[in-house]
Amino acid sequence: MPQYGFLFDQSRCTGCHACSIACKEWYDLPPGPLKYMRVFEWEKGAFPDIKLFHLAINCYHCENPVCIDECKKYVPGGAIYKEDKYGAVLIDPERCNPIKYQCKRACYEACPYGSIVFASDDPGEKAQKCTMCIDRLEQNLAPICVLSCSLRALEFGPLDELKKKFGTLQQLEDLPSPEQTKPAVVFIPPTPKRQLIKYDAEKALELWQQRGPYAPPGLPKVFERKEDVTNPPREIIGRNRLVLKPKNVQELMYYTANDE
Amino acid sequence: MDTELPQEEKIKRIEQIKLQLMEKHKDETVRYTGCSINCGGSGCILKVRLKDGKITAIEPDDRYHRNVGREDAVATDDELQKNKLQQRHCPFAWGWRRHLYSPNRVLYPLMRAPGSKRGEGKFIRISWDEALTIIAEKMKECKEKYGPYSIITPYIDNPMLDPLFGWFEAGVQGWGWCSQDAERLAEHLMTGYPGWTYAPSFDMADVLFNSKLIVLWGLDLTTTRIGPAHQFAWYVKMAREKKGTPVICIDPRFSDTAAVLADQWIPIKPGTDMAMLLAIAYIVIKEDLYDKEFVERFVEPKGFKKWADYILGVSDGVPKTPEWAEKICAVPAETIRDFTYLYAKSKPTFLYKNWSVARKSRGENSARAAAALQAIMGYWGKGGYSGFGPRSRNAPYIRPWFPMRIPLGLMPRKYYPPRMYRSNKWAQAVLLLDKVKSGELSTEEYRRIIGWRADPNLPNPNPKMLFGGGPQAQTVNTLVTGTNATLHQIEAMNRLEMVVWFATHMTPTAMYADIILPVQDQTFECPTFANNDYGGFSHNTFCPGVVKAPGEAKPFMWIYTKLAEKLGFGRRYNTYYTTDENWDKDWLRYLGAYYNRFRDTMKRWELDLPEWEEFLKQECPSINLDEYFDEPCHGYVNELELGLPFPTKSGKIEICSEILEKEEERGKLHFDARGLVIDVLPNDWRDLTPIPTYQPAVRGMEDPLVAKYPLMLLSSHGRYRSHSTGWDNPWLRGDVYRHALWINVADAKVRGIKDGDIVRVYSDVGEVRVPAYVTTRIMPGVVVLRHGAWIELDEKGVDHGGCPNMLLFDDKSPQTPAHATGLVQVEKVEG
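Residues numbered from 1 in each chain as written. Chains lettered and ligands numbered in written order. Predicted model: local features only at pLDDT ≥ 70, side-chain atom pairs only at ≥ 80, totals over all residues. Heavy atoms only, no water.

Caption draft 1: Structural detail: the interface of chain A and chain B. Listed by partner, the interface residues are 111 residues for chain A and 126 residues for chain B. A buried area of about 10,100 Å², summed over both sides, lies between chain A and chain B, and 58% of it is on carbon and sulfur atoms. The largest contributions to the chain A side of the interface with chain B come from Arg152, Trp208 and Glu260 of chain A, which together make up 10% of the buried area. For the interface between chain A and chain B, the tally reads 20 salt bridges. Across the chain A-chain B interface, the total number found is 66 residue pairs in polar contact (both at pLDDT 80 or more). If you tally residues by element for the side of chain A that touches chain B, the top one is helix H1 (residues 18–27) of chain A, at 8 residues. Looking at the side of chain A that touches chain B residue by residue, the class counts come to 57 nonpolar, 21 polar and 33 charged. (Contact = heavy atoms within 4.5 Å. Buried area = accessible area lost by both parts, 1.4 Å probe. Salt bridge = Lys/Arg side-chain N within 4 Å of Asp/Glu carboxyl O. Polar contact = N/O pair within 3.5 Å; in protein donor to acceptor, adjacent residues only side chain to side chain. Helix = DSSP H or I, 4+ residues; strand = E, 2+ residues; numbered from the N terminus. Nonpolar A, V, L, I, M, F, W, Y, C, P; charged D, E, K, R; others polar.)

Caption draft 2: Structural context of the sheet that holds strand S7 (residues 185–188) of chain A. Residues and elements named next belong to chain A. Spatially, 3 strands are ordered S6-S1-S7 in an open sheet, and the strand pairing comes out mixed. The open sheet has two free edges, formed respectively by strand S6 (154–158) and S7, since each of these has just one partner strand. Going across the sheet, the axis of each strand differs from the next one's by a mean of 20°, ignoring polarity. Bridging between strand S1 (residues 4–9) and S6 involves 5 bridges; their strand directions are antiparallel. Residue pairing in the sheet places Gly5 in a bridge with Gly157 of S6. Packing against the sheet, helix H7 (residues 159–166) makes contact with S1, S6 and S7, and its axis sits at approximately 130° to S6. (Pairing = 2+ DSSP bridges. Axes fitted to C-alpha atoms, helices over the stretch in contact; angles between N-to-C directions.)

Caption draft 3: Focus on helix H7 (residues 181–191) of chain B. Residue and element names in this part refer to chain B. Of all 11 residues in H7, 11 are buried; the element is thus mostly enclosed. Regarding H7, the residues found buried are Asp181, Ala182, Glu183, Arg184, Leu185, Ala186, Glu187, His188, Leu189, Met190 and Thr191. Those residues of H7 that are buried are in contact with strand S11 (349–353), helix H16 (355–358), helix H17 (364–376), strand S12 (419–422) and helix H28 (658–661). In the segment just after H7, Gly192 is the residue with positive phi, at about 85°. (Buried < 20%, exposed > 50% of the residue type's maximum accessible area, 1.4 Å probe, protein only.)

Caption draft 4: Seen up close, the pattern of salt bridges. Per the stated rule, a full pass over the model turns up 95 salt bridges over all chains. The salt bridge partner of Glu138 of chain A is Lys18 of chain B, with a shortest N-O separation of 3.5 Å. Of this pair, Glu138 of chain A sits in the loop between helix H5 (134–137) and helix H6 (144–148) while Lys18 of chain B sits in helix H1 (residues 7–23), each in a different chain. By relative accessible area, Glu138 of chain A is classed as partly exposed at 26%. Two residues, Asp757 of chain B and Lys754 of chain B, come together in a salt bridge whose shortest N-O distance is 3.2 Å. When its relative accessible area of 43% is taken as the criterion, Lys754 of chain B is described as partly exposed. Through salt bridges that share partners, Glu41, Arg239 and Asp259 of chain A together with Asp256, Arg719, Arg738, Asp755 and Arg777 of chain B make up one connected network.

Caption draft 5: Expanded view of unusual backbone geometry. Across the junction of Phe47 of chain A and Pro48 of chain A, the peptide omega takes the value 0°, indicating a cis bond. Here Lys347 of chain B and Pro348 of chain B are connected by a cis peptide whose omega angle stands at -5°. Looking at the secondary structure, you find Pro348 of chain B in the loop between helix H15 (333–345) and S11. Positioned with a positive phi, Arg152 of chain A is a non-glycine residue whose angle comes to about 55°. Take Arg152 of chain A: it is sitting in the loop between H6 and S6. Positive phi, normally seen in glycine, also occurs at His723 of chain B, with a value near 55°. Its location among the elements puts His723 of chain B in the loop between strand S19 (711–714) and strand S20 (741–744).

Caption draft 6: Expanded view of the nonpolar core. If you look at the biggest cluster of nonpolar residues, it comprises 274 residues, and the most contacted ones within it are Leu55 of chain A together with Trp217, Met276, Trp307, Trp426, Phe524 and Leu741 of chain B. In terms of residue count, helix H11 (residues 273–286) of chain B provides more of this core than any other element does, 12 residues in total. Counting residues in each nonpolar core, the second largest holds 55 residues, with Met160, Leu164, Phe502 and Leu625 of chain B among its members. (Core = buried A, V, L, I, M, F, W, Y, C linked by side-chain atoms within 4.5 Å.)

Caption draft 7: Focus on a nonpolar patch on the surface. Residues and elements named next belong to chain B. Residues Val637, Leu642 and Leu644 make up a contiguous nonpolar surface patch of about 270 Å² in total accessible area. Here Leu644 is to be found in the loop between helix H27 (637–641) and H28. We classify Leu644 as partly exposed; its relative accessible area is 46%. (Patch = residues over 30% accessible without salt bridge, like charges linked within 9 Å, V, L, I, M, F, W, Y side chains within 5 Å. Areas by Shrake-Rupley, 256 points an atom, 1.4 Å probe, with all protein chains shown as cover.)

Caption draft 8: Geometry of the sheet that holds S11 of chain B. Residue and element names in this part refer to chain B. The strand order across the open sheet built from 4 strands is S10-S9-S8-S11, with neighbouring strands paired in parallel fashion. The strands lining the two open edges of the sheet, one partner per strand, are strand S10 (264–266) and S11. When strand polarity is set aside, the average angle formed by the axes of neighbouring strands in this sheet is 15°.

Caption draft 9: Just the layout of surface pockets, in detail. Considered as a void within the structure, the second largest pocket measures approximately 670 Å³ in volume. Lining the second largest pocket are 26 residues, with Asp49, Ile50 and Lys193 of chain A together with Phe254 and Asp263 of chain B positioned closest to its centre. Counting residues per element, the ones that place at least two in the lining of the second largest pocket are strand S3 (49–57) of chain A together with helix H10 (256–261) and S10 of chain B. Take the lining of the second largest pocket: its biggest share by element is 6 residues, from S3 of chain A. Of the residues assigned to the lining of the second largest pocket, the class counts are 14 nonpolar, 6 polar and 6 charged. (1 Å grid on protein atoms, 1.4 Å probe; cavity = no way out; pocket = protein on both sides within 12 Å on 5 of 7 lines; lining within 4 Å. Points joined across faces, edges and corners; volume = space filled by probe spheres on them.)

Set out below in structure tokens:
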């Protein structure tokens, strides 16, 4: 069976959300949590080794789609299918019925990537997700997200070809293991930093703390405690981790928005 | 349960799903247009899908590499150099449709409801004829009662108004385009080229193929105008990835650029960049690492010596050593040294000092110093250098919103609206008059503060009417974007008898108007051109006007033409105009004339561009100039390659300004060696020094004011607005971004602030309330509140929208750059 998939290049993604808005534009989705393409940004580390991660993540149309298995446990015959031409995993909006089948979002719970989204926290909401732009594929058009990226961080094509061109990496830092679901995606990891010139961070922080020689004496220091900079209280920092599977709409919106 | 659906049934269901999805975009037609939002780069090509006269979707450009996501995996070097690439647009432009069809559109001419106050937002609909009559009558009344200097414009001079005021023989404008005025001044003083010319060009291919080191100084090119849509970031990424070009980012923020594009991040205290630039210059001069031959041939020697003497400490006893600089800028001396050696051996280095670096008090210095440093290194004109900023091919642009370039009508000769104030100081020009009248302020000091740049013999203005809005998006929301205290601007508006505003959307600024005139959107609703200007490549794309404008919205130029008609000189103002019914045809004739002028210029370059009629027949009418050249472009070809003199007095690059050296020049209007007015130099330049020096910034990190306001505020641009346009788009704000105050985790901790807490941010001129973005991504002592947030004032005058303009004010510095920084304090809002 053919399996098409995506390339996501984390060394290029700047977290700009063009892909997620492009998706909303094509499918005319309302503002809010119906984000078939979610863009996460999270930070780790501390000065001088701050780490910033970006992840644009859609449904990876897994070769072993656990969402389908879970769905079938509640819905006779299932409301999610894996189609044969591209290997797309598609939700059937006519058969998805959380009230009737009392499935409690079993598909969402099963997906390690949290790729299924709902219009609200109402338990009656139908599951929705990335369609692989199958309507575009049928008209010989590539998925809209792939064409939207200014840094050209995304690509789409037969998974084996993508693997040949871009390598076989299927897991990034903080992301789940690909073993269980066999996602149709390959990744390129962030480019490692190179220290080109010497930088004594301790001395820099010392200098930063002082107001400067042109300032009149007696002014307050720029900041009080160096430890707060180098060993900061993580709990007060925004988006200090990747939360792929938020608990509710509010959390989803928080973790899939940046601060410009 | 776990049952299988019969195969046949499953196939049927899948077909059904596909059909349902395909239903959405059935029977659509497709047209191309250029994005003409004023992001500074712009001109991205949009593929517009239409049905029943409405836009149903926007897709990105697909003229090249159709259906390819990762274009550089297939693009040849030739295509990368000739820009035969998709002009993919930015996140803002992905939201265009929501923006265009916003319920916030202004559909009809509006008049403030009788009895209501300015800012209350109560309006009644009036006809175009009524609106234009009211405005014309008021203009006549003002001119008669208060004299010719009683009608003024806000933030940024409006080129459409110059001939209108000219024929009317009344009206005053400010000067300054804000964005890169410090660089424009530097370019004019140092090279003799007015700062809107394209002599210092480079293109992105030049950087990709020729730069040996890329230094992004204060530039977050993944977010600002030359960001995602304009390939700049992508080209830097390709240079690093494919050519191994090292990339250094110097910025107080650990920006997305620092995180994604740079090999190494060097934080620097904002407003102190000048100290590091001088220390670099110190090393290269002291250790003979600069290009002596280049300096001898192209740099005016006395000015170079003066600068070198200052740098070495000969003239002031203070050598600008790395040890001197580190105490100011907080970049360790050892790092500055290491940086300098890498910089000096990487020939050439693409050192791009962003405009933002100079958008501070005395930012004129860093703009001049960065260019001077690149000059003495001999990097000017070499592949991959940068002088004053990115400007692609040294070619003209088709810009119908600058009708002065190709006159739309006859040019008045008797009256030219004087530039009586730095445009962002328009409110001070109004408010300080009280003090002048009471004798508290001398006329000289008044003019110094407002940045007078006009005949010194003219009387002070007598403002009674404000003519606001137009010709582009950033100019229509002055209270938000005007780089000057919002509350001062409101106060100034309230002193005036009439405020007229042009608007596509009901902005907070339009709310303060007496008359609002609805304008058409320039990307989709009326024919114009979009250009890629600062993006590093050069193209002119026709925007045909793909949908009808809503309500009674009209093109900018129609409004000015009809107003001119009311004032009695319509035919002189617009010689193309015949009748209202023929407006579209007449306007196209004008665009054709503009195009033909461009085509004639290109003929001189031996380029044969299609005729106007042929051009219009193209599926996507667009001229990609880079296609015609086999080499990337470099700056100053005439001087550096062909040996012609620079149009300065000495014929060379002048690091020292002769004008600024002469005290007797103070107070006069200033002209360059060719007799052109230096349009970004106020008559009185205050304490601006003849050579670029380090001067501590007013409201910078060393200002005594930090005792009260200890945090330095930067109002950087974000990626989801072009200035303020797009703020009200629900696909953007609240959906993909939160508008919040960036604050370092250490600064947050001592204030008891955690991420998401609402904080009050205040200076001596205003207060805003916004959520805090607590992060390690900005250095302590510095906060960022992104430019362009719409004000939402409560009854106490506190802004809940989070607009940095509420907090900005500087009446002490030289006036060339509009200062986008200031000092603030931040507190948690309890409860």
